[in-house]
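For reference, the chains in residue letters:
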Amino acid sequence: MIPYTVNIKLAARTLTGTVHLQNKPAVDWGWQGLIAQGCHSSILIIDPKTSQTIQVLERHKANVVKVKWSRENYYHSLSSPYSLRLASADSSGKIIVWDVVSGTAHCEIQEHAKPIQDMDWLWAQDVSRDLLLAVHPPNYIVLWNGDTGTKLWKKSYAENILSFSFDPFDPSNLALLTSEGIVFITDFSHAKPPGSAGKKVYIASPHASPAHSKPVAATPAPTGAKKALNKVKVLITNEKPSAEAVTLNDCLQLSYLPSKRNHMLLLYPREILILDLELSQTVGVVAIERSGVPFIQVVPCGQRDALYCLHENGCITLRVCRSTSSSPDDVQELVYDLRSQCDAIRVTKTVRPYRIVICPVNENSAALVVSDGRVMLWELKSHSIKTSANSSSGLSPLYSPVSFCGTPLGQNQKRIPDLSLNTMIGHSFISGAEPSRSSGQQEVQLKFLLTSLLSGLPLPPFALRMCPPLTTKNINHYQPLLAVGTSNGSILVYNLTSGLLHKELSVHSCEVRGIEWVSLTSFLSFATSAPNNLGLVRNELQHVDLPTGRCFAFRGERGNDEPAIEMIKVSHLKQYLVVVFRDRPLELWDVRTGTLLREMAKNFPTVTALEWSPSHNLKSLKRKQLAAREAMARQTVSDAEQSSVESSVISLLQDAESKAELSQAISAREHFVFTDTDGQVYHITVEGNAVKDGARIPPDGSMGSIACIAWKGDTLVLGDVDGNLNFWDLKARLSRGIPTHRGWVKKIRFAPGKGNQKLLVMYTDGAEVWDTKEVQMVSSLRVGRNVSYRIMDIDWCTSDKVVLASDDGCVRVLEMAMKSASYRMDEQDLTDPVWCPYLLLPRAAITLKAFLLLQPWSDTFTMDIMQVYASGSLFIYLFIYFSFLSDIKSVLMDPELNLLQRCLLVSRLFGDESDMQFWTVAAHYLQSFAHARQLNVPVPEGQPQPEGAQNTPQSHLDICNDVLCESSFFQRFQLERVHLQEVKRSSYEHTKKCADQLLLLGQTDRAVQLLLETSADNPSYYCDSLKACLVTTITSSGPSQSTIKLVATNMIANGKLAEGVQLLCLIDKAADACRYLQTYGEWNRAAWLAKVRLNPAESSDVLKRWAEHLCSPQVNQKSKAILVLLSLGCFHKVGEMLHSMRQFDRAALFIEACLKYGVMELIGAAFTEYARLLRSLGLKEGAVLWASRAGGAGEELLEELGPQEAKL
């Protein structure tokens, strides 16, 4: 058994409570794996895996309205390390960017003094990782450098901006939700503000659209979803709707869908609309039935086309887009099926759900913030089912994928079942891609599981009392416990070492007014009910024993209809208790026996302040106790047999001890002093039940009515209602009055510890610490000046730390200087180890990653870092990391886990966005090119493999990768999308766009049908009819082709790019069309066209040109270029680029994987550089191994490593 050790050093910390309404949107779950949440003016950092608050950031003076973790979408190295950066904004318009580990601010930003409406970090981080966009009310967007706090640009708009959303597929697109509609910006750049005012789109409220108020026909009424669909036919218009149509834009939220390009969702209380932005048309609706619970918020997922929705009753629902594989032709709209929901919470006036956040790395856990300060963590779990249990509900079955971390599972391979959303449910199948049942896919159902709950303090006010101080005698079993009495009558006991709730006891039925400890494990607390019309109350005085939780009424039957208890005071030896009432003489009780010793006479003076003397006659008490024990033992021995005296004398003495003290009521003499309303000081001696009146000291003329007294050693301090403090030196018989000019002295307390003469003073407007030896103020805290909250109670928790309860519902443990409570995270004592590499020193995090990624020097994978790491100083507290990773540990040590799976798993563990993106695409294409090679299909590098090579079970990348997907799959997706647009079109404008899209996709017959639909009174009637004729009569004869080509080039030259491109596509000259699009800067459009129309070789040329363009200095999106090259199979080029970009570990591991799959030759320089990196990190064995594999390039390094190798 490990001996119980006491951590005497307590960390400064904040215990938080209920959340302010302004904090509602202030919560974010970062790629770093932590949740940040605003609570009044503080920010909590929560670790969701162990559900602990690991940091509280305090610097804001106003309520926090937004928090955002920085993105991790860049390559991490020693020069750009893993770091915890958070931006927070408050209601006074201040933005602070934090270094969360140290609790300090990188920079503070202030533009206006109004609450920030919205802010977010830019996700494209190739150029800079520090850019932060914020909406400053009413109508400005400002781009800031979040590292230095400098303003890059500012732009104003015509309407008030409510929020914004970045397009996750194109960093130059941004949508603003304004008070009147949506503004689309397509030229967003960090270099300069958007040039135009953006494209404005008005949203009519769904209930006010003309379709909604049609007269009811005699046909049967449509059901809920159909009805909702009718409503939203005409929702989005470019004209401003009439005044009565827009009663109020009640759109709650706008977000781009990260799962597919050019789609956006709009959230209304009773429906979610899915828009296709190419058409500006609703293509899907999630509507709530009349009796359903309205939405508050929706979070779209990226890994699957799914939505997490939060409802007003605190229920979280997961809706997954229905797969369209059954029959593509009768698909009328996108349907999101309800697949899982969690339990609701009990909603009251003070308890409401505020927000949910979803883990961005795995997208399978949700945290719900409730207004009472609770954070509930729900995890999504999948379990396989035998028969199709969904068939009765009419839902299509969900299947689990057969791969793990992007690679098909080995025979005996271990896997983590619910690692992330895309490992739980497979792709939603697109028409014509029905899953084969033989492929080993299992049908699954999803369930929410509540895995942890963080709860805060209840509503203030609080009464605080720290347990008796640490001494040499109690050091072996001391726990620093703080009792917090609350307004609902319960008492919370916190252990201040960990900051966790030790016990919650329901003791009283009304507000707790005060607590006094009578031992290390028991306390007395009193509460008073509201007064009746006679001014009398019900007093409750309870004795609580902490280990057992037993409570009993200390005053027995007394307590009904009497004046309120003002205070209770326990003597220093914990023998006596004084109970002071408002208009009634005080009572004196014996704490040990619970008996009333004396009720004072009616003429006893009214007590305004009282304190027990610290000087007591302890020696005489001990003498008395010893004599009584001996007498009792003698008496006991005479009864017993004489022979066994020696053996049992000790046990007899122990037995006698308790009997003697109770039967003879031995008690030491103790004193207390109190003051009456005139300021006269009385001195009273108590011994047993004898109470003697001592000296009386006349009032001091300079003092007002005395409000409180504190006494320690030879110093007695009095505080009055006018803010004067009077220091008495009892030895020298001197007194000294100091006016503080701070009003009523509410409370004064001496610090614990021998000879520690510090004094804590509480006023109505703050607190001060005084040194009574020097009679000097040490530190001060004042509402409005240093802090925004009011102090409600105070106490010392150690000899140098104070604890304050404040009206913002928090309890703060502060240093004596009473400055901010942010602390260094690496200095504090956590109950459970936290897995978060971002907390480590940069060097330690990179070493840990290298260690987890690859250990080819040993046959078995080890988790003991000391075996392979030379100097242990860096890893003093790294061991606890591994104790946590049990299921992941077994997978990492599994010999079947291949290199690609390991890289992807480690990037998930590190929450490294750019790594995850890279390895997902790399793993997919490495396998599919290697597979094609096995089938002996000759595939020149740089060309996607033919269709036949794609029949592996995991045959395509998710559509969230957009143009990185295989052409065949991408084509199918686009055809289906155009089919849906066609079903949904509601105006000539829409029909024209559909026809254009169909022509580009090569669907000429369908396009002709649409062109012929144009009505005769439409100005474009003639033009469309001729176009239809042209499309149907195009022959491949030379002259007609050359004419059309000539017309097309002229059109393009004269600014009609789209029309020219269409004509070129008609005569199968799509490659030329792509070239023109690229010349005119329409790179994305060109890539799209190449994917849907060109053969592999031509498509590859277009995409390679695009990759070159992305690498150019003015665009600088090299990370995107690498992904494009991966999708083309240009693996050698990717290896060289990674090496030239100094991404040595990624380059070496990628080349190693390519060599394993046999799709490329060695690039020795990359291996050498990786070996150098490993050497600099202290992983010598690894360095030797990589250098030896680098061929000629590594020989020089091997010589340098020679002596070490010999050592090893």
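Just above, that's the structure.
Below, the structure is looked at part by part. (Residues numbered from 1 in each chain as written. Predicted model: local features only at pLDDT ≥ 70, side-chain atom pairs only at ≥ 80, totals over all residues. Heavy atoms only, no water.)

1. Some words on the sheet that holds strand E52 (residues 724–729)
At step 1: One open sheet holds the 4 strands; their spatial order is E50-E51-E52-E53, and the pairing between them is antiparallel. Edge positions in the sheet fall to strand E50 (706–712) and strand E53 (734–739), since each of these pairs with one other strand and no more. The sheet shows a mean angle of 15 degrees between the axes of neighbouring strands, taken without regard to direction.
At step 2: Judged from the 5 bridges that link them, strand E51 (residues 715–720) and E52 form a sheet pairing that is antiparallel. (Pairing = 2+ DSSP bridges. Helix = DSSP H or I, 4+ residues; strand = E, 2+ residues; numbered from the N terminus. Axes fitted to C-alpha atoms, helices over the stretch in contact; angles between N-to-C directions.)

2. Overview of the nonpolar core
The tendency in soluble globular proteins is for nonpolar side chains to be buried as a group.
At step 1: One finds Ile45, Leu86, Leu1089, Phe1131 and Phe1150 to be the most contacted residues of the largest nonpolar core, which totals 145 residues.
At step 2: Considering each element in turn, this core owes the most residues, 9 residues, to helix H10 (residues 913–934).
At step 3: Leave out the neighbours within four places in its chain, and Leu1089 touches Leu1000, Val1061, Cys1065, Ala1070, Ala1073, Cys1074, Leu1077 and Leu1094.
At step 4: Counting 30 residues, the second-largest nonpolar core is a separate cluster that includes Leu15, Leu457, Cys467 and Val803. (Core = buried A, V, L, I, M, F, W, Y, C linked by side-chain atoms within 4.5 Å. Buried < 20%, exposed > 50% of the residue type's maximum accessible area, 1.4 Å probe, protein only. Contact = heavy atoms within 4.5 Å.)

3. Some thoughts on the environment of Arg352
At step 1: Along the chain, Arg352 falls in the loop between strand E26 (336–341) and strand E27 (353–358).
At step 2: Between the C-alpha atoms of Arg352 and Ser371, which are 19 residues apart in sequence, the distance is 5.4 Å.

4. Examining the side chain of Arg812
At step 1: Mapping Arg812 onto the fold places it in strand E60 (residues 811–815).
At step 2: Arg812 gets classed as buried once you look at its relative accessible area, which sits at 1%.
At step 3: Within the structure, Arg812 has its side chain in polar contact with the side chain of Glu58 (distance 3.0 Å).
At step 4: For Arg812, the side chain forms a polar contact with the side chain of Ser806, separated by 2.8 Å. (Polar contact = N/O pair within 3.5 Å; in protein donor to acceptor, adjacent residues only side chain to side chain.)

5. Re helix H22 (residues 1144–1157)
At step 1: For H22, which comprises 14 residues, the first-to-last C-alpha distance of 20 Å matches the rise-based estimate of 20 Å (1.5 Å per residue) to within 8%.
At step 2: Note on H22: the residue one or two positions beyond its end, Gly1158, has a positive phi of about 65 degrees. (Expected span 1.5 Å × (residues − 1).)

6. Let's talk about the sheet that holds strand E48 (residues 681–687)
At step 1: Spatial ordering of the open sheet is given by E46-E47-E48-E49, a layout of 4 strands whose pairing is antiparallel. Each having just a single partner strand, strand E46 (609–612) and strand E49 (690–697) make up the two edges of the open sheet. Recorded for the sheet is a direction-independent mean angle of 20 degrees between the axes of neighbouring strands.
At step 2: Bridge count between E48 and E49: 6 bridges; the pairing is antiparallel. Considered in E49, the bridge of Val686 is made with Val691.

7. A closer look at the pairing of strand E12 (residues 140–145)
At step 1: Among the 6 residues of E12, 5 are classified as buried, and the element is accordingly described as predominantly covered.
At step 2: As judged from the 6 bridges shared by strand E11 (residues 131–136) and E12, these two strands associate in the antiparallel manner. Residue Leu131 lies in a different strand from E12, and its bridge partner there is Asn145.
At step 3: Following E11, the chain reverses through 3 residues before pairing antiparallel with E12.

8. Quick word on the packing of aromatic side chains
At step 1: Under the counting rule described, the total for this entry stands at 22 aromatic pairs.
At step 2: Here Phe727 and Trp770 contribute two aromatic rings whose centre-to-centre distance is 5.8 Å and whose plane-to-plane angle is 40 degrees, an arrangement assigned as tilted. Of this pair, Phe727 sits in strand E52 while Trp770 sits in strand E56 (residues 766–771), and the two are 43 residues apart along the sequence.
At step 3: Look at Phe727 and you get buried, because its relative accessible area is 4%.
At step 4: Aromatic pair Tyr925 and Phe929: ring centres 6.3 Å apart, planes at 50 degrees, arrangement tilted. In this pair, Tyr925 and Phe929 both sit in helix H10, 4 residues apart, roughly one turn of the helix. In this structure, Tyr925 and Phe929 share a single accessibility class: buried. (Phe/Tyr/Trp six-rings, centres within 6.5 Å; stacked < 30°, edge-to-face > 60°.)

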